[in-house]
Amino acid sequence: MLRMSKLFLKTLREAPADAEIASHQLLVRAGYIRRAAPGGFSWLPLGWEVFRNVENIVRDEMNKAGTQEVHFPALLPREPYETTGRWTEYGDNLFRLVDRKGADFLLAPTHEEMFTLMVKDIAGSYKDLPVSLYQIQTKYRDEARPRAGLLRTREFVMKDSYSFDLDDAGLDASYAMHRDAYITLFERLQLPYVIVSAMSGAMGGSKSEEFLAPMEVGEDTYIRCTSCDFAANVEAITTPVPDDQPLDGLRAAEIHDTPGTPTIGTLVEFINQDESMRRADGRDWSAADTLKNLVVTLKHPDGTTEPLAIGIPGDREVDMKRVEAVVAPADVEPFGDDDFKQYPALKKGYIGPGALGSSNASGIRYLVDPRIVTGTAWVTGADEYNRHVIDLTTGRDFTPDGVIEAAEVRDGDLCPACGSDVEIARGIEIGHIFQLGRKYAEALDLWVQGEDGKPLTPTMGSYGVGVSRCLAAVAEAHCDDIGLVWPREISPADVHLVMAGKDGSEQQRTAEKLAGELEAAGLRVLFDDRVKGSPGVKFKDAELLGVPTIAIVGRGIDADEPTIEVKDRKSGDREDVALANVVEHLVEVCAS
RNA sequence: CGGGGUGUAGCGCAGCUUGGUAGCGCGCCACGUUCGGGACGUGGAGGCCGGGAGUUCAAAUCUCCCCACCCCGACCA
């Protein structure tokens, strides 16, 4: 039993000024957490209780799924991460430190290497696989910008698991097992979620999905369909391809002088003012009729670079995230002035398909948006300064080298699954499942002996759930203007029992007795036994703390047939229950 | 890392323009009165005014530098 008179707790009437989002404000106001460091929080008794409840649900579901719990140090030597290249790859996000002998260490951001090495150490035969292992552990990432309370911190608790299988079918099964476990887990945490595809096809066969809790305060944007249940990351969504248009009867392309039109906006305005440049159908030109061409430099992991030209409708921006997802593992860098000097065919600001493509002047690979299909006519750069070409038609006047998903996705774009409108939404990433393949096993030389005596390299999956982040997401999803509203299984108690009476009163005697009876009946009781302070203070605190059921021992006690007020925190519904029945009643309420 | 904002008591804030002994509300301590929706009275405790340098007889206030935090963006297996 937690007694408020002794509990190490102070609630705040006002939220700290640096807390912006509801979960952060309420968790601090209710005395669950305190900020202790940039991107780091301390847990107070009630907060730690809630944390452990979340952790235990995660643990329970992982155990049920058949994965086994292990535990690693967070403080690790450089070597394994050097072997896989992540000591450098992780960049500034890795916390690095040096021991007294000058050896490099890191605070682990994730543990693929260590799990791989553990399996390498223990498993020698194909008979030892498949196996899935997990840990619940503090992770460290030197985030550029911690924010939003517990949602993005530099030290956080993550459940990370890893599967080791002999073949792709086994990996698929392990992946599906984790996916199912996560679905059960998030339902049990009462966290709303959507599952979004997280990768485009460029990474080969590897598959990855994110579990997002759809909330405005989330920092991941994703695309969801307004009519079917399609959801995907912006990187993973594909643009429905329109049908090719017939080329017969289309006007010939024509080059025009277009002085003073450095932007799409000024260009459209200019050509609409000149009758000789009318569209074939008589309508005004719009930005969507223009073809904007952009050149970037791809930097491959082996250090080589390569230019890439991207053509998209002029009413859209290029989304660098999408480009990077497509060209990964290459990095994308802007095309600089020096680069332009190397390609005199490119006239900055007036680049058109005429200069692009492997068969044209520059020889630069030219990929276009999927909407740019055969038979579509465009206004685009004429590859001469201050000139544009009108009615340049795809498949007749130019042929791109291929398509690329590079254009920004917008509200109202078409759903690849059903063709309805999609919308952009935000969510909190609460889980991520990932088919890694053999990258780590190969890098760290993990193999087991097969049935035929030959070595087999296991294929891996990695699966993460942000435990502390989930807690914040639950708080965010389950609160109102006056406080938190915990799902029962996460709540620090089943019943918040309020003694609304003076020291030495009948209320006090009854509440003391009732608290003991409730606990004996198996309920977790948070007992506000404070003798000072008005009832109003206790009611406000009970609402702020968010225990799902509040029972008040107050003036109902003075009646001939004494009653206890039982209140549902979420709905606000209250009822008077006869004292004689209240234990039974509360047991029932808490079981439902 | 770029843009914007804020640093004054545990929390929320005023004071800064125009330099002159640091204030308010909540919370905290003591006593008394209250006791079903954040009670009231009286008396208290608590601050290197983010840090450093400068200007000045005098700096929370003016100047410069630094730091921290928050928001937007970039970044985020």
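Given the structure is predicted, the values throughout are model-derived calculations rather than measurements.

Engineer: Before we go on, may I ask you to explain the overall build of chain A in this structure?
Structural biologist: When its secondary structure is counted, chain A shows 14 helices and 32 strands. For chain A, the spread of C-alpha atoms along the principal axes amounts to about 95 × 70 × 45 Å. For chain A, the residues scored as buried account for 49% of the 592 residues in total. The contacts in chain A between residues at least 6 apart in sequence include a share of 68% that link residues at least 24 apart. Computed over 64 positive and 98 negative side-chain charges, the inter-centroid distance for chain A is 6 Å.

Engineer: What should I look at first to understand the packing of helix 2 (residues 45-64) against helix 11 (residues 467-477) in this one?
Structural biologist: Working note: a packed helix pair is described by the angle between its axes plus the distance between those axes. Closest axis-to-axis distance for the helix 2/helix 11 pair is 10 Å, and the angle between their directions is 115 degrees. Taken as axis vectors, helix 2 and helix 11 run roughly perpendicular relative to one another. Seen from above, helix 2 lies across helix 11 with right-handed handedness. Along its contact with helix 2, which presents Val50, Phe51, Val54, Glu55 and Val58, the element helix 11 presents Val467, Ser468 and Leu471.

Engineer: Would you mind going over the domain arrangement of chain A with me for this structure?
Structural biologist: A common way to report how large an interface is uses the accessible area buried once the components associate. Along its sequence, chain A is organised into domain 1 (18-237 + 424-475), domain 2 (254-403) and domain 3 (493-591). Look at where the C-alpha atoms of domain 2 and domain 3 centre, and you get two points 70 Å apart.

Engineer: Even after reading the chapter, I still don't get unusual backbone geometry, so can you show me in this structure?
Structural biologist: Across the chain, the bulk of peptide bonds are trans and the bulk of non-glycine residues have phi less than zero. A cis amide bond links leucine 129 to the next residue, proline 130, at an omega of 0 degrees. Within the secondary structure, proline 130 is located in the loop between helix 5 (112-122) and strand 8 (131-140). Residues other than glycine seldom take positive phi values, yet aspartate 383 does so here, at roughly 60 degrees. The residue aspartate 383 is located in the loop between strand 19 (377-381) and strand 20 (387-393) in this model. Residue classification places aspartate 383 among the buried positions, given a relative accessible area of 14%. At asparagine 386, a residue that is not glycine, the phi angle is positive and equals roughly 60 degrees. Along the chain, asparagine 386 turns up in the loop between strand 19 and strand 20. Taking the relative accessible area as the measure of exposure, asparagine 386 reaches 36% and is therefore partly exposed.

Engineer: Would you mind going over the side chain of glutamate 405 with me for this structure?
Structural biologist: For glutamate 405, the location among the structural elements is in the loop between strand 21 (402-403) and strand 22 (422-437). Take glutamate 405: its relative accessible area is 15%, and that puts it in the buried class. A polar side-chain atom of glutamate 405 sits 2.7 Å from a polar atom in the side chain of threonine 239. A distance of 3.1 Å separates polar atoms of two side chains, one belonging to glutamate 405 and the other to arginine 322. What glutamate 405 contacts, discounting residues up to four positions off in sequence, is Ile237, Thr238, Thr239, Arg322, Val323, Val326 and Pro370.

Engineer: Mind showing me how you'd approach the protein's contact with RNA strand B here?
Structural biologist: In the region of RNA strand B, 40 residues are neighbours, and Ala17, Pro38, Arg152, Glu543 and Arg555 sit closest. Taking the atoms of RNA strand B that fall within 4 Å of the protein, sugar and phosphate contribute 46% of them. In the model, a sugar or linking oxygen of RNA strand B is placed 3.1 Å from a nitrogen or oxygen of the glutamate 14 side chain. Here a base oxygen of RNA strand B and a side-chain polar atom of arginine 29 are 3.0 Å apart.

Engineer: Help me understand the side chain of threonine 110 in this model?
Structural biologist: Note that threonine 110 resides in the loop between strand 7 (104-107) and helix 5. The exposure class of threonine 110 is buried, given its relative accessible area of 5%.

Engineer: Would you explain the sheet that holds strand 1 (residues 2-3) in this entry?
Structural biologist: Sheets are built from strands paired through backbone hydrogen bonds, the pairs being either parallel or antiparallel. The strand order 1-29-28-30-31-32 describes an open sheet built from six strands, whose pairing is mixed. The two strands at the open ends of the sheet, each matched to only one other strand, are strand 1 and strand 32 (574-578). As judged from the two bridges shared by strand 1 and strand 29 (residues 525-528), these two strands associate in the parallel manner. When the bridges of strand 29 are listed, leucine 2 appears paired with leucine 526. Across the sheet, helix 13 (residues 535-545) touches strand 28 (495-499), strand 29, strand 30 (549-553) and strand 31 (563-568), and the angle it forms with strand 28 is around 170 degrees.

Engineer: I'm lost on the pattern of salt bridges in this one. Help?
Structural biologist: Counted under the stated rule, the structure contains 43 salt bridges. Linking arginine 152 and glutamate 219 is a salt bridge whose minimum nitrogen-to-oxygen distance equals 2.8 Å. Of the two residues, arginine 152 sits in the loop between strand 8 and strand 9 (155-165) while glutamate 219 sits in the loop between strand 11 (208-214) and strand 12 (220-225), which places them 67 residues apart along the sequence. With a relative accessible area of 28%, glutamate 219 lands in the partly exposed category. Close ionic contact of arginine 569 with aspartate 480 constitutes a salt bridge, the shortest N to O distance being 2.8 Å. Here arginine 569, found in the loop between strand 31 and strand 32, pairs with aspartate 480, found in strand 26 (residues 479-480); they are 89 residues apart in sequence, far enough to count as distant. One network of salt bridges, with partners in common, ties together Asp60, Glu61, Lys64, Arg188 and Glu489.

Engineer: Looking at this model, I keep getting lost on the sheet that holds strand 7. Mind explaining?
Structural biologist: Strand order in the open sheet made by the three strands is 5-7-6, with antiparallel pairing throughout. Bordering the open sheet on either side are strand 5 (75-77) and strand 6 (95-98), each of which pairs with just one other strand. Going across the sheet, the axis of each strand differs from the next one's by a mean of 35 degrees, ignoring polarity.

Engineer: Looking at this model, I keep getting lost on the pairing of strand 15 (residues 290-299). Mind explaining?
Structural biologist: Each regular strand displays side chains that alternate between the two surfaces of the sheet. The buried fraction of strand 15 is high, at seven of 10 residues. With two bridges connecting them, strand 15 and strand 19 associate as parallel partners. Along strand 19, the bridge assignment pairs threonine 290 with valine 379. Note: strand 15 against strand 16 (residues 305-313), nine bridges, orientation antiparallel. For lysine 299, the partnering residue across the bridge sits in strand 16 and is threonine 305. Counted along the chain from strand 15 to the antiparallel partner strand 16, the turn is five residues long, and its residue glycine 303 has a positive phi close to 95 degrees.

Criteria and cut-off values
Residues numbered from 1 in each chain as written. Chains lettered and ligands numbered in written order. Predicted model: local features only at pLDDT ≥ 70, side-chain atom pairs only at ≥ 80, totals over all residues. Heavy atoms only, no water. Helix = DSSP H or I, 4+ residues; strand = E, 2+ residues; numbered from the N terminus. Buried < 20%, exposed > 50% of the residue type's maximum accessible area, 1.4 Å probe, protein only. Contact = heavy atoms within 4.5 Å. Lys, Arg positive; Asp, Glu negative; His and termini not counted. Charge placed at Lys NZ, Arg CZ, Asp CG, Glu CD. Axes fitted to C-alpha atoms, helices over the stretch in contact; angles between N-to-C directions. Parallel < 35°, antiparallel > 145°, perpendicular 65-115°, else oblique. Left-handed = near helix turned anticlockwise from the far one by under 90°. Domains from an automatic or database assignment. Polar contact = N/O pair within 3.5 Å; in protein donor to acceptor, adjacent residues only side chain to side chain. Near = heavy atom within 4 Å. Pairing = 2+ DSSP bridges. Salt bridge = Lys/Arg side-chain N within 4 Å of Asp/Glu carboxyl O.

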